[in-house]
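Descriptive structure summary
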Amino acid sequence: MISTRTRSGYDQRMTAPAHPLTVAAVQAEPVPGDVAGNAATAARLVGRAAGARVVVLPELFLPAYHPPTLAADPIGTDVVAGPDGGVADPRLDPLRQAARDGGTTVVVGAAVRYPDGRRTISSLVIDPAGAVRAAYDKQQLWGGERELFSPGRRGATLLVDDWRLGLGICYDGCFPEHGRAAADDGAHGYLCPSGYLAGSEHRRDVYYAARALDNTMYVVFANAVDGVDPWRFNGGAAVYDPEGRPLVRGADTGTEVLVATLDPAALAATRAAHTMLADRLSDQGLPRTAIIG
């Protein structure tokens, strides 16, 4: 369909995907610092997501989200990306094979070192041919992450079949404008590998449902789970529909592989009924009026 963009940047006549897309959101507990072992675990989890075209694993899953280990062993916990973002680390070979075996695109969290010296919290994308690329670097760093990592420089959209999937990582999803930037780029879904600590269940369940409804798009939320305080995580991985309702959701503890199918008809119907993206003003008018009560 030929389309035009509104002033907000959203294309209100964006063609919906033609076919459903089956995805999986994973919650699991990696071992701090064991990139090879965690890659092997990730490969087994991908194998459990039978039929999924896209599998999303948690933030920093390969080295584990464990700041003391990430600080103490930056060489051992990082993967190295080439100038084009390609990653050739042999520790990832089991995950490459799992992607090839399943015809699956895998999104998995890593600490990435670039040739210019930057170190980032990133999502690696492993395509069905087994090629690995540092596809997206987390833009919104949280708390002590700023002491270890540099922020990402740009957003990214993953194209799988005829679906457009915006990439975010954990704290990115706490900012409505991050999800909106993905929607403005035509995203039908938003993939958010995360690491939410125990005690944050309310925020975990609100943010990603809200990003789905804000932007009438699917959200796939993967999360770390279990571990030892103060780095104990709360699971609750989920896939949300474009109205923010969970299609599947994990418990607060234990490993789970949650499979759901994204329905283009439901996406189109939601966007036809709830037209916030198309109706959004390009700005909020002249300077705000102050009213004294």
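From a predicted model like this one, the values you see are computed outputs, not experimental measurements. (Residues numbered from 1 in each chain as written. Predicted model: local features only at pLDDT ≥ 70, side-chain atom pairs only at ≥ 80, totals over all residues. Heavy atoms only, no water.)

It is worth spelling out unusual backbone geometry at this point. The omega torsion of the bond from D229 to P230 falls at 5 degrees, within 30 degrees of zero and hence cis. With respect to the helices and strands, the residue P230 is situated in the loop between β10 (218-228) and β11 (231-234). Residue T216 is not a glycine yet carries a positive backbone phi of 40 degrees. Mapped onto the secondary structure, T216 falls in the loop between α7 (201-215) and β10. A positive phi angle, close to 65 degrees, is found at D226, a residue other than glycine. With respect to the secondary-structure elements, D226 resides in strand β10. You can call D226 partly exposed: its relative accessible area is 21%. (Helix = DSSP H or I, 4+ residues; strand = E, 2+ residues; numbered from the N terminus. Buried < 20%, exposed > 50% of the residue type's maximum accessible area, 1.4 Å probe, protein only.)

The next subject is the nonpolar core. In terms of nonpolar packing, the biggest core is built from 52 residues, with L21, V54, L158, L165, L191 and V239 touching the most fellow members. Element by element, the count of residues in this core is highest for β10, at six residues. If near-sequence neighbours (up to four positions away) are discounted, L191 is found in contact with V54, V56, V107, L158, L165, G166, L167, G168 and V220. Listed in part, the 32 residues of the second largest apolar core include A42, F61, L62 and V87. (Core = buried A, V, L, I, M, F, W, Y, C linked by side-chain atoms within 4.5 Å. Contact = heavy atoms within 4.5 Å.)

With their axes 10 Å apart at the nearest point, helix α6 (residues 176-184) and α7 run at an angle of 40 degrees to one another. Overall, the two elements α6 and α7 adopt an arrangement that is oblique. For the pair α6 and α7, the sense of crossing is right-handed. Contacts from P176, G179, R180 and A183 in α6 reach R211, D214 and N215 in α7. Each residue belonging to the contact of α6 with α7 can be placed in one class, and the counts come to two nonpolar, two polar and three charged. (Axes fitted to C-alpha atoms, helices over the stretch in contact; angles between N-to-C directions. Parallel < 35°, antiparallel > 145°, perpendicular 65-115°, else oblique. Left-handed = near helix turned anticlockwise from the far one by under 90°. Nonpolar A, V, L, I, M, F, W, Y, C, P; charged D, E, K, R; others polar.)

A few words now on the packing of aromatic side chains. Going through the model one piece at a time under the given rule, you end up with eight aromatic pairs. Measuring from ring centre to ring centre gives 5.8 Å for Y196 and Y208, while their planes differ by 90 degrees; the resulting arrangement is edge-to-face. One end of the pair, Y196, is in the loop between β9 (189-194) and α7; the other, Y208, is in helix α7, with twelve residues separating them in the sequence. Between Y196 and F221, the aromatic rings sit 5.9 Å apart at their centres with planes inclined by 70 degrees, giving edge-to-face as the arrangement. Of the two residues, Y196 is situated in the loop between β9 and α7 and F221 in strand β10; the sequence distance between them amounts to 25 residues. In this pair, the class of Y196 matches that of F221, namely buried. Taking the ring centre of Y114 as reference, the NZ or CZ of R118 above it sits at 4.3 Å. (Phe/Tyr/Trp six-rings, centres within 6.5 Å; stacked < 30°, edge-to-face > 60°. Lys NZ or Arg CZ within 6 Å of the ring centre and 35° of its normal.)

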